[in-house]
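Single-letter residue listing:
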Amino acid sequence: MRYSLFALLRQGLMAHRGWTPAWRDAAPKSAYQVIIVGGGGHALATAYYLAKVHGITDVAVLEKGAIGLGNVGRNTTIIRSNYLLPGNLPFYEFSMQLWEGLEQDLNYNAMVSQRGVLNLFHSDAQRDAFVRRGNAMRLHGVDAELLDAAAVRRMLPFLEFDNARFPIQGGLLQRRGGTARHDAVVWGYARAASERGVDIVQNCEVTGFLRAGERICGVQTTRGEIRAETVGVAVAGNSSRVAAMAGLRLPIESHVLQAFVSEAIKPLIPCVVTFGAGHFYISQSDKGGLVFGGDIDGYNSYAQRGNLPTIEDVCAGGMALMPGIGRLRLLRSWGGVMDMSMDGSPIIDRTPLPGLYLNAGWCYGGFKATPASGYCFAHLLARGESHELARAYRLERFASGDLIDEKGQGPQPNLH
Amino acid sequence: MSVNRLEGEGAIERERTLSFKFDGRRYSAHPGDTLASALLAAGVSLVGRSFKYHRPRGILTAGSEEPNALVELRSGARREPNTRATMIELFDGLQACSQNAWPSRAFDLGAVNSALSRLFVAGFYYKTFMWPAAWWEKVYEPAIRRVAGLGRASAESDPDCYEKVHAFCDVLVIGSGPAGLAAALTAARAGARIIVCEEDFLPGGRLNGDRHEIDGTPGSNWARTAVAELRALPQVQFMTRTTVFGAYDGETYGAIERVSDHLAVPLAHQPRQRFWKIVARRTVLASGALERTVVFGGNDRPGVMLAAAVRTYVNRFRVTPGRRVALFTTGDDGWKTAFDLLAAQVEVPLIIDARTQVSAALLQRARGHDVQVILGGQVLSTAGSRALRRIEVLDRGGRVRRVRVDALSVAGGWSPNIALATHLGMRPRWSETINAHLSADLPASLCVVGAAAGEFSLAGALRSGAAAGREAACSVGFAAPLPSWRTDDELIDSTPLWFVPGSRGKAFVDYQHDVTAEDVALAVREGYRSAEHLKRYTTLGMGTDQGKTVQLNGHALLAARTGREVAEVGTIAARPPYTPVAIGALAARERGRNFRPYRFTPSHRWAEARGAVFVDAGQWRRAQWFPLPGETDWRSTVAREVNTVRAAVGVCDVSTLGKIDVQGHDAASFLERIYANSVSTVPVGRVRYGLMLRADGMVLDDGTVARLAEGHYLLSTSTAHLGQVMRHLTYAQQVLWPQLDVQLTNVTEQWAQYAIAGPLARTLLEQVCADALALSNADLPHMACAPLRWLGQRARVFRISFCGELGYELAVPARCAEPTVRALMQAGESLGVTPYGTEALGVMRIEKGHVAGAEINGTTTAQDLGLGRLVSQRKEFIGRVLAGRAALSAPDRPSLVGLKPLDPQARLTAGAHLLGMGAPARLQNDQGFVSSSAFSPTLGRWIGLGFLSRARERLGERIRAYDPLRNLDVPVEVVQPVFYDPEGLRVKG
Amino acid sequence: MRINCPFCGERDLSEFSYLGDADSAKAIASAAQSEREQIDAVYLRANPAGVHRELWYHAFGCGSWLNVTRDTRTHEIFAVQLSRERTP
């Protein structure tokens, strides 16, 4: 059923009894052309683009619980394409362009809000690094502006300007950046994929892979064996676990990232702001809560929760940047398990096992990549070769030295 | 004015009167009141408006689970939005305002939303506002944002301060109701170190709200005596106004003590709140239970209140929510409310019990008071515009009757308050016995007691508390006798009624977010059928109360709609914090200038006295330049400093550079494994440049390696990388090669170090230490080092130079810093010495082509930095193997070059990208970037360092430095990255 | 989380910094390893959901490196040993 104001009005007259499920809760068939392991944003987007772009609709998305409850439902909802390196920048900009048309494409309001992403800098060296990044963006036709301290002050007068330990010197602004409603992205892709014939199978946990010699030809699940010509894995947070079922070891560690939301208040913060002298970023949701976060906790973790040192650090960063939030209250904190890769960049590639493909290693930046990741992974699954924009995201890059290390932290995942 | 204040003794001080204002109107109250009890006493039942439909809302509870009565407390910079009236301890002069209502809470224009409620169902926004696309940011979203949110934040800086405290104890008792007090008494009497945290300002929990007797005395008196006993014990810390908000790994609990929230402003030198991090060997969770409501039409109307809350208001605050109060209950417990009201001379016209069978004792007692009882009855709806006027009741026979009341107390059953027992990921289990979730899979250190464990009787609470207290004390080595207390028998039977099927009007499953039973039905219809999807689609349970009073009803409704049992639907994990926590409290002292410590070099005061301008270098404050009187432009100051060093002599404080002392028989062999170039061959008394790589082959840091004695080296590191280098070295020492005899000590702060550089550097130094040390080229050549006595202390001189002039670095014990730098400056006065700062140092290092942080950025190899020739091919060292990977030696990989604008006047900027001349500005044509740039006073032009593809072939080529962010596009020439004295003769002078 | 440092006693998480898989050190320490073995050691670290042998650095304490055995799902710590005293 098509969503529109008219449909809403009409349903309003009949007590909304005519709405149908947003997506079919499918039972698994015994075989598919393509199986996607995982029911998160990337997996659902992959299924959607497989159907839409490549016409492949004999697709199952297998989710061990209910869809969209992993990192796509636990992030701070920021979208942006302010990347530095040529391996990343065109990919994330493509993602941004898909965000810009997402609602009309999916017929689902994901509340993509291009309110701007402002990265503050506090030293000359940091400014120069941001300028290098902003110039790379401009070279690729991506919007980027350099603001001085006065311009930042006009935009966000409530920041700490007069008593700061590390005074704000300025910021790099991407006006097209912003936020999206994370759950709506899940439901929108699920609905659109389901409408095109994709089976979304919930409560179906993959417990192993079926093999024909070296080749992967399906999966074992808690709901029986399911065969497939092509199996794609998109289970960020659990990539190492699932890959281990196929006997693979990945250049990935699982780390917990906490996220925070305050009680809802009337509009205060107009855009996404990141603090350059501490670990803190913040925006305000349409519902009014301040959504913020900081660094990962820093140790391998499969527990979707974190500990106090990071919470204190994040709140200290918040108070250092905007001391007016002191009396606002933290409402909830939670954790998501991140696929932290060894150079801070993702992997969209075939694996050494024929028939098995991998979408992983998104660190804590996977949400904004959802559309492009799905698009490029669908391309890989459909064609067996990397999409041009995801060519750099190869597994072998660690061996060859073609690293995509935006932060320069090297093989220390908890620093990316 | 106190129309609803009852006679008799409660926990308020009647002899004192406080005055407060709500929405600008003045009221009075007593010490011991909360804002909620004071408003009820004054007959105010309408407190604010709801989130979406702007429905009138009153007070539902008497505790921190309150979803409705949220107000803006205080004003100006101290304004606190969304503050629960039920938790605000009344103080004289208190001011509060209602929220989400305009122009007033009684007449709120937003209530028009109620009329549009057919449109504003759960998730309506996902289905519309998509056309035209550009309208989302411009029209729809701003409108939604304006109406969303509840209170208003003060954008001003929080004027109060917060403290952070660490505490350790044997037993942490959370909650001071009967179970908590029993546990604390038992364990404390045995001698264990105890911390008791009570959220309320009055300890005792339900003992204050209910009329119990323990050992023949009223429960509230018993609690007072127990607390007095605990407070008198030295090993007990008893904290009221303290909420344990989270359980964390390692038996660590976070708690917030509201030190001054019950005062108008904090006392001098007092924090507003104190953040406790409590490490407890054992924890007893005695957090009680939370009463649920029932989902029926108009269950949100002001005047509808949970039954236990009514008892609390009546017994503790001596306030009644109304003068004619009906009861709607699903269990025996609710009847207590009716009897307490009757005892307080409040009219109770009607008891509606959803059960068809009720104990004869209750019926008889009700009959004795002439109260009409409807068994098997249900409340279908409520009426009243801004306050409850009437309820509609359906009896077993299907008859609907209307009853005039001004308050309705609702007893929907109790849910154990187990949030803290699930923070560490333990999934609760459903209990068929109590029809609620109980904690499960608890760690050995945590024990749940009393109502929190489903023990709903007072006797059970005391018994389980005492047993847990004894067990906890025993487990930490104390023998504790088990006390016992005498209490009355209680009836605690209950049968859940989650929702009233034939409800008329909106029946709420989330008060704060205006989620109705219809919304749950819609979500189910649309396929959002897991508890998580329901929550996210309808926002059920996402308010500031996390759905404590009604979320389970929503899940029961979901279960019914999807043909499942409540147990199958599962539950939503409670997320910390248990109740919302001020962000300022979690940050505590780390704000403003105290966000991070300042690190000052030992001669910081001298630099200040010289008028230095400082810059942040990590946590360090370093002198950036030293303006002379009359110098207004920093560029001219820096130019003067550079020119003076190049022509005469300058002194620079380089104390922030890392200094690591390495000693041991295997020191040389250890360092060979660390550095990419050979360092074991450095003779004693000499210094060598050293380059260390990470395991992945990228350059980690560069610095100097001085050999002070046979098995004794001193390494220098860059200021920024010291921590990383120290971690790297200790890793190599302790993890990789523990068999080596080598000791590492970070001596950075023990030494102050000054660079003396310039053609007259030797002359200057000779004036101060000629008698201590021979400084001639023969005695102390370039890259030599020597000890000397200086001001009676052991000191060191290194003949090294970063700026490319004849240079020395004098290292002295940190306590001699000030006299040292003063002596140097005095000696140099006749030579025209200048102090110089980091900016001049930076200019001179670019002139010399030395790499620094902008080049050693974690993605560059030795080869990229033009240092490939240093890398030894004859030994093993960390990073050797991976530095050899194919892509890291590819010819098109950018490497270090010098860059010079063709126009000598043109400015070159760091961050510009390098493009071929004439190539369109596109990412594909990007060939590198400018990493550092400066105006060189020596050359009289801008110069820079950068990284460029195929750099070696391109010397002399003209390219573009493209900086669109700054509107610059500068033609530059590619040159060798050494602009000054390329032969390196001056350092040997 | 609290780690029982053999030198300092039980200390809070905030005093420590984390490196990861303890086994990666062997290959880095050994000069004889091939490029492939080094790549595997540096990049392909163990990442189990369960018991993990890992390295921690008591950065804001005694400066010791510790071999810690911990469950990555529950953060229960089973053993802590000084790296330098570890029996291979």
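Here the structure is a predicted model, which means the values were calculated and not measured.

Reading the values: rules and limits
- Residues numbered from 1 in each chain as written.
- Chains lettered and ligands numbered in written order.
- Predicted model: local features only at pLDDT ≥ 70, side-chain atom pairs only at ≥ 80, totals over all residues.
- Heavy atoms only, no water.
- pLDDT = per-residue confidence, 0-100.
- Helix = DSSP H or I, 4+ residues; strand = E, 2+ residues; numbered from the N terminus.
- Phe/Tyr/Trp six-rings, centres within 6.5 Å; stacked < 30°, edge-to-face > 60°.
- Buried < 20%, exposed > 50% of the residue type's maximum accessible area, 1.4 Å probe, protein only.
- Lys NZ or Arg CZ within 6 Å of the ring centre and 35° of its normal.
- Core = buried A, V, L, I, M, F, W, Y, C linked by side-chain atoms within 4.5 Å.
- Contact = heavy atoms within 4.5 Å.
- Buried area = accessible area lost by both parts, 1.4 Å probe.
- Salt bridge = Lys/Arg side-chain N within 4 Å of Asp/Glu carboxyl O.
- Polar contact = N/O pair within 3.5 Å; in protein donor to acceptor, adjacent residues only side chain to side chain.
- Nonpolar A, V, L, I, M, F, W, Y, C, P; charged D, E, K, R; others polar.
- Lys, Arg positive; Asp, Glu negative; His and termini not counted.
- Pairing = 2+ DSSP bridges.

### Examining the confidence of the model for chain C
Okay, step 1: Looking at chain C, pLDDT values average 92 and 95% of them are 70 or higher.
Okay, step 2: The element-level mean pLDDT for chain C is lowest in helix 1 (residues 24-29) of chain C, coming to 79, with strand 1 (residues 2-5) of chain C highest at 98.

### Regarding the packing of aromatic side chains
Okay, step 1: Under the definition given, this model contains 51 aromatic pairs over all chains.
Okay, step 2: Judged by centre distance (5.4 Å) and plane angle (85°), the rings of Trp23(A) and Tyr528(B) are edge-to-face. Of this pair, Trp23(A) sits in the loop between helix 1 (5-13) and strand 1 (31-37) while Tyr528(B) sits in the loop between helix 11 (517-525) and helix 12 (531-538), which puts the two residues in different chains. Each member of the pair, Trp23(A) together with Tyr528(B), is buried.
Okay, step 3: An angle of 45° between the planes, with centres 6.3 Å apart, marks the rings of Trp430(B) and Trp498(B) as tilted. Highlighted residues: Trp430(B) in strand 26 (residues 429-431) and Trp498(B) in the loop between helix 10 (458-475) and strand 29 (508-510), separated in sequence by 68 residues.
Okay, step 4: With a relative accessible area of 12%, Trp498(B) lands in the buried category.
Okay, step 5: Directly above the ring of Phe130(A) sits Arg133(A), whose terminal nitrogen or CZ lies 5.0 Å from the centroid.

### Some remarks on the nonpolar core
Okay, step 1: Among the nonpolar cores identified, the biggest contains 171 residues, and Phe91(A), Phe20(B) and Leu35(B) are the most heavily contacted of them.
Okay, step 2: Here Leu35(B) is in contact with Phe20(B), Val71(B), Ala85(B), Ile88(B), Leu90(B), Leu94(B) and Ala96(B), once residues within four sequence places are set aside.
Okay, step 3: Within the second largest apolar cluster, 73 residues are counted, among which are Ala60(A), Leu356(A), Ile28(C) and Leu55(C).

### Quick word on the interface of chain A and chain C
Okay, step 1: Counting residues at the interface gives 27 residues for chain A, matched by 26 residues for chain C.
Okay, step 2: Between chain A and chain C, roughly 2,100 Å² of surface is buried when both sides are summed, and carbon and sulfur atoms account for 53% of that area.
Okay, step 3: On inspection of chain A and its partner chain C, the count reaches 2 salt bridges.
Okay, step 4: Residues Glu253(A) and Arg45(C) are paired through a salt bridge, measuring 3.2 Å at the closest nitrogen-oxygen approach.
Okay, step 5: For the pair chain A and chain C, the number of links is 15 residue pairs in polar contact (both at pLDDT 80 or more).
Okay, step 6: Mapped by element, the contributors of at least two residues to the side of chain A that touches chain C are helix 8 (239-245), strand 12 (252-264), strand 15 (289-300) and helix 11 (397-400) of chain A.
Okay, step 7: At 4 residues, the largest contribution of residues to the side of chain A that touches chain C is made by strand 12 of chain A.
Okay, step 8: Residues belonging to the side of chain A that touches chain C are distributed by class as follows: 13 nonpolar, 9 polar and 5 charged.

### Side note on the side chain of Arg525(B)
Okay, step 1: With respect to the helices and strands, Arg525(B) occurs in helix 11.
Okay, step 2: The buried charged residue Arg525(B) lacks any salt bridge partner; its closest oppositely charged side chain belongs to Glu518(B), at an N-O distance of 4.7 Å.
Okay, step 3: One polar contact links the side chain of Arg525(B) to the main-chain carbonyl oxygen of His16(A), over a distance of 2.4 Å.
Okay, step 4: Residues contacting Arg525(B), with those up to four places away along its chain left out, are Ala15(A), His16(A), Arg17(A), Trp19(A), Thr20(A) and Pro21(A).

### Structural notes on the interface of chain B and chain A
Okay, step 1: The interface of chain B with chain A comprises 124 residues on the first partner and 120 residues on the second.
Okay, step 2: The tally of links between chain B and chain A comes to 12 salt bridges.
Okay, step 3: Here Lys277(B) and Glu312(A) are joined by a salt bridge, their closest N and O atoms 2.9 Å apart.
Okay, step 4: Of the residues that constitute the side of chain B that touches chain A, the class distribution is 53 nonpolar, 30 polar and 41 charged.

### Here's the deal with the pairing of strand 46 (residues 895-901) of chain B
Residue and element names in this part refer to chain B.
Okay, step 1: Among the 7 residues that make up strand 46, 6 are buried, leaving the element largely enclosed by the rest of the structure.
Okay, step 2: Where strand 46 lies against strand 49 (residues 941-948), 5 bridges are found, and the strand directions are antiparallel. Across the sheet, Leu 896 pairs through a bridge with Phe 947, a residue of strand 49.
Okay, step 3: Examined bridge by bridge, strand 46 and strand 51 (residues 968-975) share 4 bridges and lie antiparallel to one another.

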